[in-house]
Amino acid sequence: MASLLWAIILIYFCFSFNNIQAMDIIKLPEPKDKKAVYFKELIDTRRSVRTFTQKPVSIHDLSYILWSSYGFKDDGGRVVPSAGALYPLDIYVITGNIEGQGKTGILPGVYHYLSNKHLLEFIKKGDIRKDIANAALSQMWMAKAPCMVIITCEYNRITVKYRDRGIRYAHMEAGNVSQNIFLATFNIGLGCGIVGAFDDNHVKTILGINKMHEPLLIMPVGYY
Ligand SMILES: Cc1cc2nc3c(=O)[nH]c(=O)nc-3n(C[C@H](O)[C@H](O)[C@H](O)COP(=O)(O)O)c2cc1C
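Residues numbered from 1 in each chain as written. Predicted model: local features only at pLDDT ≥ 70, side-chain atom pairs only at ≥ 80, totals over all residues. Heavy atoms only, no water.

**Student:** Pulling in residues and values, what's your account of the overall build of the chain?
**Tutor:** Helix and strand counts for the chain stand at seven helices and seven strands. In sequence order, the secondary structure elements of the chain are arranged as α-β-α-α-β-β-β-α-β-α-α-β-α-β. Put simply, the chain has 224 residues, and 46% of those count as buried. Here the analysis covers contacts within the chain between residues at least 6 apart in sequence; of these, 73% occur between residues at least 24 apart. Carbon and sulfur atoms form 58% of the exposed surface of the chain, whose accessible area is close to 11,700 Å². (Helix = DSSP H or I, 4+ residues; strand = E, 2+ residues; numbered from the N terminus. Buried < 20%, exposed > 50% of the residue type's maximum accessible area, 1.4 Å probe, protein only. Contact = heavy atoms within 4.5 Å. Areas by Shrake-Rupley, 256 points an atom, 1.4 Å probe, with all protein chains shown as cover.)

Next comes the structure, spelled out in C-alpha coordinates:
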(Lines give C-alpha, C1' and ligand atoms only; values in the text may rest on other atoms or scores of the structure.)
Protein backbone atom coordinates (compact mmCIF):
# COMPACT_ATOMS: atom_id res chain seq x y z
CA MET A 1 0.00 0.00 0.00
CA ALA A 2 2.82 2.39 1.03
CA SER A 3 4.79 1.64 -2.15
CA LEU A 4 1.68 2.30 -4.24
CA LEU A 5 1.33 5.65 -2.50
CA TRP A 6 5.00 6.48 -3.22
CA ALA A 7 4.52 5.49 -6.87
CA ILE A 8 1.54 7.84 -7.16
CA ILE A 9 3.53 10.69 -5.55
CA LEU A 10 6.46 10.03 -7.93
CA ILE A 11 4.21 10.02 -11.01
CA TYR A 12 2.58 13.23 -9.80
CA PHE A 13 5.99 14.93 -9.39
CA CYS A 14 7.21 13.84 -12.84
CA PHE A 15 3.96 15.01 -14.34
CA SER A 16 4.06 18.42 -12.65
CA PHE A 17 7.74 18.93 -13.64
CA ASN A 18 6.79 18.36 -17.29
CA ASN A 19 3.93 20.75 -16.84
CA ILE A 20 6.33 23.44 -15.54
CA GLN A 21 8.27 23.12 -18.78
CA ALA A 22 5.19 23.38 -20.94
CA MET A 23 3.52 26.18 -19.03
CA ASP A 24 2.43 29.28 -20.91
CA ILE A 25 2.70 31.41 -17.79
CA ILE A 26 5.53 31.28 -15.25
CA LYS A 27 4.79 32.83 -11.87
CA LEU A 28 7.93 34.65 -10.72
CA PRO A 29 8.96 34.51 -7.05
CA GLU A 30 8.89 37.69 -4.97
CA PRO A 31 11.93 39.89 -5.79
CA LYS A 32 14.32 39.92 -2.83
CA ASP A 33 17.65 41.62 -2.11
CA LYS A 34 20.51 39.22 -1.37
CA LYS A 35 22.51 41.71 0.69
CA ALA A 36 22.73 45.41 1.39
CA VAL A 37 25.19 47.29 -0.80
CA TYR A 38 26.10 50.95 -0.47
CA PHE A 39 24.92 52.89 -3.48
CA LYS A 40 28.36 54.25 -4.35
CA GLU A 41 29.81 50.74 -4.17
CA LEU A 42 27.10 49.58 -6.58
CA ILE A 43 27.80 52.43 -9.01
CA ASP A 44 31.54 51.74 -8.76
CA THR A 45 30.95 48.09 -9.69
CA ARG A 46 28.74 48.78 -12.69
CA ARG A 47 30.34 48.37 -16.09
CA SER A 48 29.43 46.83 -19.42
CA VAL A 49 30.10 43.10 -19.16
CA ARG A 50 30.81 41.26 -22.42
CA THR A 51 32.18 37.95 -21.10
CA PHE A 52 29.96 35.59 -19.13
CA THR A 53 30.42 32.29 -17.29
CA GLN A 54 28.16 29.44 -18.33
CA LYS A 55 26.08 29.41 -15.16
CA PRO A 56 22.31 29.65 -15.64
CA VAL A 57 20.42 32.61 -14.24
CA SER A 58 17.97 31.42 -11.60
CA ILE A 59 14.28 32.27 -11.59
CA HIS A 60 14.93 34.28 -8.39
CA ASP A 61 17.63 36.36 -10.11
CA LEU A 62 15.41 36.87 -13.15
CA SER A 63 12.51 37.86 -10.92
CA TYR A 64 14.67 40.51 -9.22
CA ILE A 65 16.08 41.88 -12.48
CA LEU A 66 12.70 42.01 -14.22
CA TRP A 67 10.99 43.63 -11.27
CA SER A 68 13.78 46.23 -11.15
CA SER A 69 13.31 46.92 -14.85
CA TYR A 70 9.60 47.74 -15.01
CA GLY A 71 7.87 46.19 -12.01
CA PHE A 72 5.34 47.59 -9.59
CA LYS A 73 6.27 48.83 -6.12
CA ASP A 74 4.31 48.07 -2.98
CA ASP A 75 2.72 51.54 -3.13
CA GLY A 76 1.25 50.75 -6.58
CA GLY A 77 3.72 52.96 -8.46
CA ARG A 78 6.37 51.71 -10.87
CA VAL A 79 10.12 51.35 -10.37
CA VAL A 80 10.89 53.94 -13.08
CA PRO A 81 9.35 57.32 -13.89
CA SER A 82 7.24 57.60 -17.05
CA ALA A 83 6.01 60.78 -18.80
CA GLY A 84 2.28 61.05 -18.11
CA ALA A 85 2.50 57.66 -16.36
CA LEU A 86 1.82 56.09 -19.77
CA TYR A 87 4.46 53.33 -19.60
CA PRO A 88 4.97 52.67 -23.33
CA LEU A 89 7.69 50.04 -22.82
CA ASP A 90 7.56 46.24 -22.71
CA ILE A 91 10.23 43.92 -21.40
CA TYR A 92 11.08 40.57 -22.99
CA VAL A 93 13.54 37.89 -21.89
CA ILE A 94 15.30 35.23 -23.87
CA THR A 95 16.96 32.29 -22.15
CA GLY A 96 19.58 30.08 -23.73
CA ASN A 97 20.24 26.36 -23.76
CA ILE A 98 23.04 25.99 -21.21
CA GLU A 99 23.72 23.21 -18.72
CA GLY A 100 21.46 23.47 -15.71
CA GLN A 101 18.98 25.81 -17.40
CA GLY A 102 16.22 23.17 -17.18
CA LYS A 103 16.51 23.18 -13.38
CA THR A 104 15.62 26.87 -13.28
CA GLY A 105 12.12 25.99 -14.51
CA ILE A 106 12.55 28.30 -17.51
CA LEU A 107 13.16 26.47 -20.76
CA PRO A 108 15.20 28.11 -23.55
CA GLY A 109 12.89 30.50 -25.33
CA VAL A 110 11.36 33.95 -25.53
CA TYR A 111 9.19 35.31 -22.72
CA HIS A 112 7.19 38.49 -22.18
CA TYR A 113 7.34 40.08 -18.72
CA LEU A 114 3.81 40.86 -17.52
CA SER A 115 4.77 43.47 -14.94
CA ASN A 116 1.30 44.01 -13.47
CA LYS A 117 1.14 40.37 -12.36
CA HIS A 118 4.90 39.73 -12.12
CA LEU A 119 4.63 36.79 -14.52
CA LEU A 120 6.49 35.54 -17.55
CA GLU A 121 4.33 34.80 -20.56
CA PHE A 122 5.76 32.17 -22.91
CA ILE A 123 6.17 33.45 -26.47
CA LYS A 124 8.43 31.06 -28.34
CA LYS A 125 10.54 27.95 -27.71
CA GLY A 126 14.23 27.56 -28.60
CA ASP A 127 17.67 29.06 -28.09
CA ILE A 128 17.80 32.14 -30.33
CA ARG A 129 20.85 33.84 -28.76
CA LYS A 130 23.07 33.34 -31.82
CA ASP A 131 20.37 34.68 -34.14
CA ILE A 132 20.02 37.78 -31.96
CA ALA A 133 23.80 38.26 -31.84
CA ASN A 134 23.93 38.00 -35.63
CA ALA A 135 21.14 40.57 -35.94
CA ALA A 136 23.20 42.82 -33.64
CA LEU A 137 25.88 43.33 -36.30
CA SER A 138 27.43 39.97 -35.39
CA GLN A 139 28.35 40.91 -31.82
CA MET A 140 28.83 37.23 -31.05
CA TRP A 141 29.87 37.82 -27.41
CA MET A 142 26.15 38.32 -26.77
CA ALA A 143 25.38 34.68 -27.61
CA LYS A 144 27.43 33.52 -24.60
CA ALA A 145 25.19 35.33 -22.10
CA PRO A 146 22.78 32.84 -20.46
CA CYS A 147 19.91 35.25 -21.03
CA MET A 148 19.07 38.63 -22.49
CA VAL A 149 16.60 41.27 -21.41
CA ILE A 150 15.09 43.26 -24.27
CA ILE A 151 13.44 46.65 -23.86
CA THR A 152 10.83 47.45 -26.50
CA CYS A 153 8.55 50.43 -27.08
CA GLU A 154 5.02 50.70 -28.43
CA TYR A 155 5.27 54.35 -29.46
CA ASN A 156 1.57 55.08 -29.96
CA ARG A 157 0.98 54.49 -26.24
CA ILE A 158 2.87 57.76 -25.62
CA THR A 159 2.67 59.73 -28.90
CA VAL A 160 -1.14 59.68 -28.56
CA LYS A 161 -0.66 62.26 -25.80
CA TYR A 162 2.71 63.89 -26.51
CA ARG A 163 2.91 63.56 -30.33
CA ASP A 164 6.52 63.47 -31.60
CA ARG A 165 7.87 64.56 -28.24
CA GLY A 166 6.62 61.25 -26.85
CA ILE A 167 9.38 59.53 -28.82
CA ARG A 168 12.10 61.28 -26.82
CA TYR A 169 10.21 60.62 -23.59
CA ALA A 170 10.08 56.91 -24.41
CA HIS A 171 13.82 56.82 -25.08
CA MET A 172 14.54 58.61 -21.80
CA GLU A 173 12.39 56.03 -20.02
CA ALA A 174 14.30 53.19 -21.69
CA GLY A 175 17.47 54.78 -20.28
CA ASN A 176 15.98 54.67 -16.79
CA VAL A 177 14.99 51.03 -17.25
CA SER A 178 18.39 50.01 -18.58
CA GLN A 179 20.24 51.67 -15.69
CA ASN A 180 17.92 49.88 -13.23
CA ILE A 181 18.77 46.60 -14.97
CA PHE A 182 22.48 47.39 -14.71
CA LEU A 183 22.27 48.20 -10.99
CA ALA A 184 19.97 45.27 -10.19
CA THR A 185 22.22 42.72 -11.89
CA PHE A 186 25.36 43.98 -10.15
CA ASN A 187 23.52 44.19 -6.84
CA ILE A 188 22.90 40.42 -6.90
CA GLY A 189 26.35 39.45 -8.15
CA LEU A 190 25.59 39.19 -11.85
CA GLY A 191 26.52 41.58 -14.64
CA CYS A 192 25.17 42.73 -17.95
CA GLY A 193 26.02 44.50 -21.16
CA ILE A 194 23.95 46.87 -23.25
CA VAL A 195 23.46 46.77 -27.01
CA GLY A 196 21.83 49.37 -29.20
CA ALA A 197 23.40 48.33 -32.50
CA PHE A 198 21.05 45.91 -34.24
CA ASP A 199 18.64 45.52 -37.13
CA ASP A 200 15.25 46.35 -35.60
CA ASN A 201 13.08 44.33 -37.96
CA HIS A 202 15.40 41.36 -37.88
CA VAL A 203 15.34 41.30 -34.06
CA LYS A 204 11.55 41.65 -34.01
CA THR A 205 11.13 38.74 -36.42
CA ILE A 206 13.55 36.48 -34.52
CA LEU A 207 11.76 37.22 -31.24
CA GLY A 208 8.32 36.62 -32.75
CA ILE A 209 6.85 39.46 -30.70
CA ASN A 210 4.03 41.95 -31.33
CA LYS A 211 5.08 43.94 -34.43
CA MET A 212 4.17 47.21 -32.68
CA HIS A 213 6.83 46.56 -30.01
CA GLU A 214 9.99 48.20 -31.37
CA PRO A 215 13.21 46.86 -29.81
CA LEU A 216 15.29 49.67 -28.26
CA LEU A 217 17.94 47.94 -26.19
CA ILE A 218 19.19 44.39 -25.71
CA MET A 219 20.89 43.61 -22.40
CA PRO A 220 22.81 40.32 -22.21
CA VAL A 221 22.75 39.17 -18.56
CA GLY A 222 24.66 36.55 -16.60
CA TYR A 223 27.38 35.68 -14.10
CA TYR A 224 30.81 36.98 -15.11
C1 LIG B 1 22.45 53.41 -26.02
C2 LIG B 1 23.69 52.56 -25.89
C3 LIG B 1 24.01 51.67 -26.88
C4 LIG B 1 25.12 50.83 -26.75
N5 LIG B 1 25.37 49.88 -27.71
C6 LIG B 1 26.39 49.01 -27.53
C7 LIG B 1 26.60 47.96 -28.47
O8 LIG B 1 25.90 47.82 -29.47
N9 LIG B 1 27.61 47.09 -28.22
C10 LIG B 1 28.41 47.19 -27.13
O11 LIG B 1 29.30 46.35 -26.96
N12 LIG B 1 28.23 48.18 -26.23
C13 LIG B 1 27.24 49.09 -26.39
N14 LIG B 1 27.03 50.08 -25.45
C15 LIG B 1 27.89 50.13 -24.25
C16 LIG B 1 28.95 51.22 -24.32
O17 LIG B 1 29.95 50.88 -25.26
C18 LIG B 1 29.55 51.39 -22.90
O19 LIG B 1 28.52 51.76 -22.02
C20 LIG B 1 30.67 52.41 -22.87
O21 LIG B 1 31.78 51.93 -23.59
C22 LIG B 1 31.09 52.75 -21.44
O23 LIG B 1 31.53 51.57 -20.73
P24 LIG B 1 30.85 51.08 -19.38
O25 LIG B 1 29.39 50.80 -19.66
O26 LIG B 1 31.60 49.83 -19.02
O27 LIG B 1 30.98 52.15 -18.36
C28 LIG B 1 25.95 50.93 -25.59
C29 LIG B 1 25.64 51.86 -24.60
C30 LIG B 1 24.50 52.66 -24.72
C31 LIG B 1 24.17 53.62 -23.61
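**Student:** Which residues make up the pairing of strand S4 (residues 119–125), and what values go with them?
**Tutor:** Two strands pair when backbone bridges link them, and strand S1 (residues 25–27) and S4 are joined in this way by three bridges, in the antiparallel orientation. The residue of S4 that forms the bridge with Ile-25 is Glu-121. Where strand S3 (residues 109–114) and S4 come together, six bridges link them in antiparallel fashion. Within S4, the position partnered with Gly-109 by the bridge is Lys-125. Hairpin connection from S3 to S4: four residues lie between these consecutive antiparallel strands, with His-118 at a positive phi of about 55 degrees. (Pairing = 2+ DSSP bridges.)

**Student:** Outline helix H7 (residues 200–207), supporting the account with residue identities and numerical values.
**Tutor:** Among all positions in H7, only Val-203, Lys-204, Ile-206 and Leu-207 are buried. Viewed end-on, H7 has its buried residues packed into an arc of 165 degrees, placing them on one side of the element. More than 90 degrees from the buried face of H7, the exposed residues found are Asn-201 and Thr-205. Of the surrounding elements, those touching the buried residues of H7 are strand S2 (89–95), S3, S4, helix H4 (129–135), strand S5 (147–153) and strand S7 (214–222). The distance from a side-chain oxygen at the start of H7 to the backbone nitrogen of Asn-201 is 3.2 Å, and the residue carrying that oxygen is Asp-199. Gly-208, located one to two residues past H7, shows a positive phi value of around 70 degrees. (Arc of directions from axis to C-beta. Polar contact = N/O pair within 3.5 Å; in protein donor to acceptor, adjacent residues only side chain to side chain.)

**Student:** Provide a residue-level description of helix H3 (residues 59–70), including the pertinent values.
**Tutor:** Under the 1.5 Å per step criterion, the end-to-end length of H3 is 17 Å for 12 residues, consistent within 8% with the ideal 16 Å. The set of residues buried in H3 consists of Ile-59, Asp-61, Leu-62, Ser-63, Tyr-64, Ile-65, Leu-66, Ser-68, Ser-69 and Tyr-70. (Expected span 1.5 Å × (residues − 1).)

**Student:** Tell me about the site of the ligand, and name the residues and values.
**Tutor:** Taken together, Arg-46, Arg-47, Ser-48, Arg-50, Gln-139, Trp-141, Ile-194, Val-195, Gly-196, Ala-197 and Leu-217 are the residues near the ligand. The contact in question runs from a nitrogen atom of the ligand to an N or O atom on the backbone of Ile-194, over 3.2 Å. Contacts to the ligand include Gly-196, whose backbone N or O atom sits 3.0 Å from a nitrogen atom. Bound to the protein, the ligand loses 51% of the 630 Å² it would expose on its own. Counted by class, the shell around the ligand contains five nonpolar, three polar and three charged residues. (Near = heavy atom within 4 Å. Nonpolar A, V, L, I, M, F, W, Y, C, P; charged D, E, K, R; others polar.)

**Student:** How would you sum up unusual backbone geometry? Please name residues and give values.
**Tutor:** Phi is positive for Tyr-87, which is not a glycine, with a value near 45 degrees. Of note, Tyr-87 is situated in the loop between H3 and S2. A positive phi angle, close to 55 degrees, is found at Ser-138, a residue other than glycine. Topologically, Ser-138 is positioned in the loop between H4 and S5.

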